[in-house]
Amino acid sequence: MPTDLSLLRETIAIAAQSRAGGNHPFGALLADAEGTVLLTSGNTFSTDGGCGHAEANVARAASANYTPDFLETCTLYTSVEPCCMCAGACYWAGIGTVVYGMTEKRLAVLTGDNPENLTLDLSCETVFAAGRRKVETRGPFVELEGDVAKGHEGFW
């Protein structure tokens, strides 16, 4: 069965593909309880603008293709902590667990005041805590932070 680290490494690869395709360097995937990857997405800024976040793309596809009862048993993996928009999308889709490699705070250091990624200082845990349904989180994974950050170097 895949581990959190191996699935997070897949999101880093998706982020690299996203960047190579002219989008922002973010990647996300949805895995079932056994770790089977069901959906993947990179960022889609070039076609969807500021709302084309990888996590929101996965959450939207998940809610269109699976029941909330099934999604409660699934995990969304993402290279960087979901922003409040993406955390909300995960919550409303019914995804039970979110695992991220690097924090939004660390991302803010990398992106600075770039107008294409003006981060919000609002953790996904804070967003999830405001809801009526529990969403488990795991992250950040400090052993992967350098790999995630490397994908952003020279981009912003």
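Above: the structure in question.
Undergrad: Is there a simple way to think about the overall build of the protein in this case?
TA: Across its full length, the protein holds eight helices and five strands. Relative to the 2.2 N^0.38 estimate, which gives 15 Å for 156 residues, the radius of gyration of the protein is 14 Å and therefore close to what a compact globule would have. Each of the three principal axes of the protein carries a C-alpha extent, and together these read 40 × 30 × 30 Å. Here the protein has roughly 7,400 Å² of accessible surface; of this, 55% comes from carbon and sulfur atoms. Considering the protein, the positive charge centre built from 10 side chains and the negative charge centre built from 19 side chains are found 2 Å apart.

Undergrad: What's the story with the pairing of strand S4 (residues 97–102) in this structure? I'm lost.
TA: Regular strands have side chains that alternate between both faces of the sheet. Burial of S4 is extensive: six of the six residues sit out of reach of the surface. Relative to S4, strand S3 (residues 75–80) runs parallel, the two sharing five bridges. Along S4, the bridge assignment pairs Thr-78 with Tyr-100. In the classification by handedness, the crossover that spans S3, the intervening helix H5 (residues 84–93) and the parallel S4 is right-handed. With three bridges joining them, S4 and strand S5 (residues 136–138) adopt parallel strand pairing. Among the inter-strand pairings, Val-98 is bridged to a residue of S5, identified as Thr-137.

Undergrad: What should I look at first to understand the sheet that holds S4 in this one?
TA: Through backbone hydrogen bonds, the strands of a sheet pair up, either in parallel or in antiparallel fashion. Strand order across the open sheet formed by five strands is S2-S1-S3-S4-S5, with mixed pairing between neighbours. Strand pairing shows two members of the sheet lacking a second neighbour, strand S2 (37–42) and S5, which therefore form its edges. Across the sheet, the mean angle from the axis of one strand to that of its neighbour is 15°, orientation sign disregarded.

Undergrad: Help me understand the pattern of salt bridges in this model?
TA: Side chains bearing opposite charge may pair, as long as their charged atoms lie close to each other. One pass over the structure, following the stated rule, counts five salt bridges. Of the charged contacts, one joins Arg-138 and Asp-4 as a salt bridge, the two residues approaching to 2.7 Å between their closest N and O atoms. Here Asp-4 lies in helix H1 (residues 4–20) and Arg-138 lies in strand S5, a separation of 134 residues in the sequence. Here Arg-133 and Glu-72 are joined by a salt bridge, their closest N and O atoms 3.2 Å apart. Of the two residues, Arg-133 is situated in the loop between helix H7 (124–129) and S5 and Glu-72 in the loop between helix H4 (68–71) and S3; the sequence distance between them amounts to 61 residues. Owing to a relative accessible area of 37%, Glu-72 belongs among the partly exposed residues under this scheme. Where salt bridges share partners, they join Asp-4, Glu-136 and Arg-138 into one cluster.

Undergrad: Could you clarify how one ought to interpret unusual backbone geometry in this entry?
TA: Only a minority of non-glycine residues have a phi that is not negative, and only a minority of peptide bonds are not trans. Along the chain, Gly-139 connects to Pro-140 via a cis peptide bond; the corresponding omega equals 0°. Mapped onto the secondary structure, Pro-140 falls in the loop between S5 and helix H8 (142–150).

Undergrad: How do you make sense of empty space enclosed by the protein when you look at a structure like this?
TA: Scanning the model with the defined rule gives one cavity of 30 Å³ or more in all. Within this model, the largest cavity holds a volume of roughly 30 Å³. Around the largest cavity sit His-24, Phe-26, Asn-43, Phe-45, Gly-50, His-53, Glu-116 and Asn-117, which together line it. When its residues are assigned to classes, the lining of the largest cavity shows two nonpolar, five polar and one charged.

Definitions and cut-offs
Residues numbered from 1 in each chain as written. Predicted model: local features only at pLDDT ≥ 70, side-chain atom pairs only at ≥ 80, totals over all residues. Heavy atoms only, no water. Helix = DSSP H or I, 4+ residues; strand = E, 2+ residues; numbered from the N terminus. Rg over C-alpha atoms; globule rule 2.2 N^0.38 Å. Areas by Shrake-Rupley, 256 points an atom, 1.4 Å probe, with all protein chains shown as cover. Lys, Arg positive; Asp, Glu negative; His and termini not counted. Charge placed at Lys NZ, Arg CZ, Asp CG, Glu CD. Buried < 20%, exposed > 50% of the residue type's maximum accessible area, 1.4 Å probe, protein only. Pairing = 2+ DSSP bridges. Right-handed = clockwise from strand over helix to strand, strands pointing away. Axes fitted to C-alpha atoms, helices over the stretch in contact; angles between N-to-C directions. Salt bridge = Lys/Arg side-chain N within 4 Å of Asp/Glu carboxyl O. 1 Å grid on protein atoms, 1.4 Å probe; cavity = no way out; pocket = protein on both sides within 12 Å on 5 of 7 lines; lining within 4 Å. Points joined across faces, edges and corners; volume = space filled by probe spheres on them. Nonpolar A, V, L, I, M, F, W, Y, C, P; charged D, E, K, R; others polar.

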